Amino acid sequence: MSRETRLVRRLRDRDERAFREMVDEYSDRVFNLTYRMLGSREEAEDLAQEVFITVFKSIDTFRGDSKFSTWLYRITANHCKNRIKYLARRHERGKAELDERAEGGADGPSLAAPRPSPRPDLQMEGAEMERVLQEAIAELEEDQRILVILRDVEDLSYEEICAITELPEGTVKSRLHRARLALRKKLLKHV
Amino acid sequence: MSSEQPKSEVHEEIEAKLSDYVEGSLPPAEVAVVEQHLAGCPACTDALAAVKETVNALSGLHKIQAPPHFDRDVAETIRRRSGGRFFGRRAFGDRVPLEVLAIVALALGLALYFFLRRSDTGSLRPFDRGSERPAEHGDRQDVAPRP
């Protein structure tokens, strides 16, 4: 029996130690993906937690047709898509409320959203290029974003990407190529 | 690639292959076609440079690590949400769905019922007076007369 099979069996038994082993092994990869998809540490951390909770709750539905890591990435990708939609809706609502208040007059509190202060951890990570790239990634369509991250940041094989996204290889490749060109345009705009 | 194709289609076709070309996953015959086209096409050469630069930049991004104590935080969240009932070895009833248990119980009940019905000593078989009639031994009457 492989190590992965044993781990899955122990997870099905709701073994807390197995759960910690699994989180320890995959947390960096999940966190990196959520961070690159969302562009915010807080959101990424919150979402990565939700991913692992989902894994633990739905481990019985893992049939073993794919690698465990592929299944985990698929859950992460789906969570990211949902969160991006949710954040976009929230952003739209917030914008609409701000517009309404602005039309109502300038009596209220300051309406300009403050720019988040630079965080020390991001400063440490961050060359200017890294920031610019992250901003450019965030502007991509979500189906392009996930492909660019899985392939060019996470360095996954096309086979794995197809299993995660449930897309045929031709579609993955053509979308990825368009994504790279789009990213290039956005980078030029930012630089 | 046909020589009668419009120019824009040729560019599109070549451009679609540039990612594979950069990654080295293009078959040799197609590599030759792409390189031949690139030699005479500044636009596609620029597109190739763009793809290369983008891929290089992306592969240079830092791997972000999960915060310290992330595993503990997740475990705590699970414990909090489940009221402490989530972790722990599951009982048989948790592993097997209730529907399956119900069907198995029903099947066992039915099997037991039919077994008892067929059994000579089973208590579920209706009393058959005809077959239980005592054997007649000539004109002897051992059975006590009814009052």
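In this text, all values refer to a predicted model and were calculated from it rather than measured experimentally. (Residues numbered from 1 in each chain as written. Chains lettered and ligands numbered in written order. Predicted model: local features only at pLDDT ≥ 70, side-chain atom pairs only at ≥ 80, totals over all residues.)

> How do you make sense of the overall build of chain A when you look at a structure like this?
When helices and strands are counted, chain A shows nine helices and zero strands. Each helix (α) and strand (β) of chain A, taken in turn from the N terminus, gives the series α-α-α-α-α-α-α-α-α. Classification of the 191 residues of chain A by burial places 30% in the buried group. Across chain A, contacts joining residues at least 24 apart in sequence account for 65% of those joining residues at least 6 apart. (Helix = DSSP H or I, 4+ residues; strand = E, 2+ residues; numbered from the N terminus. Buried ≥ 20, exposed ≤ 12 C-beta atoms within 10 Å, placed from the backbone. Contact = placed C-beta atoms within 7 Å.)

> Can you help me understand the overall build of chain B in this one?
From N to C terminus, chain B includes six helices and zero strands. When the helices and strands of chain B are listed from N to C terminus, the series reads α-α-α-α-α-α. When each of the 147 residues of chain B is scored for burial, the buried share is 12%. Summarising the internal contacts of chain B: among those between residues at least 6 apart in sequence, 33% fall at separations of at least 24.

> Could you clarify how one ought to interpret the confidence of the model for chain B in this entry?
Predicted coordinates in areas of low pLDDT are best not read in detail. All names here are of chain B. Of the residues in chain B, 67% reach a pLDDT of 70 or more, and the chain-wide mean stands at 78. Across chain B, helix H2 (residues 28-39) holds the top mean pLDDT of 93, while helix H5 (residues 92-95) sits lowest at 58. Prediction confidence for the complex, expressed as pTM and ipTM, is 0.69 and 0.73 respectively. (pLDDT = per-residue confidence, 0-100.)

> Help me understand the interface of chain B and chain A, please; the structure alone is not making it clear to me.
Where interface size is given, it is often the accessible area lost as the parts come together that is meant. Contact with chain B, which involves 31 residues of that partner, is made by 33 residues of chain A. Among the secondary structure elements, those contributing two or more residues to the side of chain B that touches chain A are helix H1 (7-23), helix H3 (42-59) and helix H4 (70-82) of chain B. A per-element tally of the side of chain B that touches chain A places H3(B) first, with eight residues. Counted by class, the side of chain B that touches chain A contains 17 nonpolar, seven polar and seven charged residues. (Nonpolar A, V, L, I, M, F, W, Y, C, P; charged D, E, K, R; others polar.)

> Is there a simple way to explain H2(B) in this structure?
Every α-helix winds through 3.6 residues per turn, so residues three or four apart in the chain are directed the same way. Compared with an ideal rise of 1.5 Å per residue, which puts twelve residues at 16 Å, H2(B) spans 16 Å between its outermost C-alpha atoms and is within 8% of the ideal. Judged by how many residues are buried, H2(B) sits mostly at the surface: one of twelve residues are covered. (Expected span 1.5 Å × (residues − 1).)

> Help me understand the confidence of the model for chain A, please; the structure alone is not making it clear to me.
Per-residue confidence for chain A gives a mean pLDDT of 83; residues scoring 70 or more make up 84%. For residues 106-125 of chain A, every residue scores under 50 in pLDDT, and the model assigns this stretch seven contacts once sequence neighbours within four places are set aside.

> How should the packing of helix H2 (residues 16-38) of chain A against helix H3 (residues 41-57) of chain A be read in this particular structure?
Relative orientation and spacing of two packed helices are given, respectively, by the angle between their axes and the distance between those axes. Residues and elements named next belong to chain A. Relative orientation of the contacting elements H2 and H3 amounts to 135°, with a least axis distance of 8 Å. Classified by the interaxial angle, the pair formed by H2 and H3 is oblique. Regarding H2 and H3, the two cross each other, and that crossing is right-handed. On H3, the residues touching Phe-19, Val-23, Ser-27, Val-30, Phe-31, Thr-34, Tyr-35 and Leu-38 of H2 are Arg-41, Glu-43, Ala-44, Leu-47, Ala-48, Val-51, Phe-52 and Phe-56. Here the residues of the contact of H2 with H3 sort into twelve nonpolar, two polar and two charged. (Axes fitted to C-alpha atoms, helices over the stretch in contact; angles between N-to-C directions. Parallel < 35°, antiparallel > 145°, perpendicular 65-115°, else oblique. Left-handed = near helix turned anticlockwise from the far one by under 90°.)

> Help me out: how do you make sense of the environment of Lys63(B) in this one?
Within the secondary structure layout, Lys63(B) lies in the loop between H3 and H4. The contact partners of Lys63(B), leaving out residues within four places of it in the chain, are Asp28(A) and Asn32(A).

> Explanation requested: the nonpolar core in the structure shown.
A general trend in soluble globular proteins is that nonpolar side chains are found buried together. Ranked by size, the top nonpolar core spans 57 residues in total, and within it Ala48(A) and Val148(A) carry the most contacts. Per element, the largest residue contribution to this core is eleven residues, and it comes from H2(A). Excluding its chain neighbours within four sequence positions, the residues that come into contact with Val148(A) are Ile137(A), Leu140(A), Leu176(A), Ala179(A), Arg180(A), Leu183(A) and Leu58(B). (Core = buried A, V, L, I, M, F, W, Y, C linked by C-beta atoms within 7 Å.)

> Whenever I open this one, H4(B) confuses me. Can you help?
Its 13 residues give H4(B) an end-to-end C-alpha distance of 18 Å, which sits within 8% of 18 Å, the value for a rise of 1.5 Å per residue. Looking only at H4(B), the buried set comprises Phe70(B), Val74(B), Ala75(B) and Ile78(B). For H4(B), the angular spread of the buried residues around the axis is 135°, confining them to a single face. For H4(B), the exposed residues set more than 90 degrees away from the buried face come down to Arg72(B), Glu76(B) and Arg80(B). Buried residues along H4(B) sit against H2 and H3 of chain A. (Arc of directions from axis to C-beta.)

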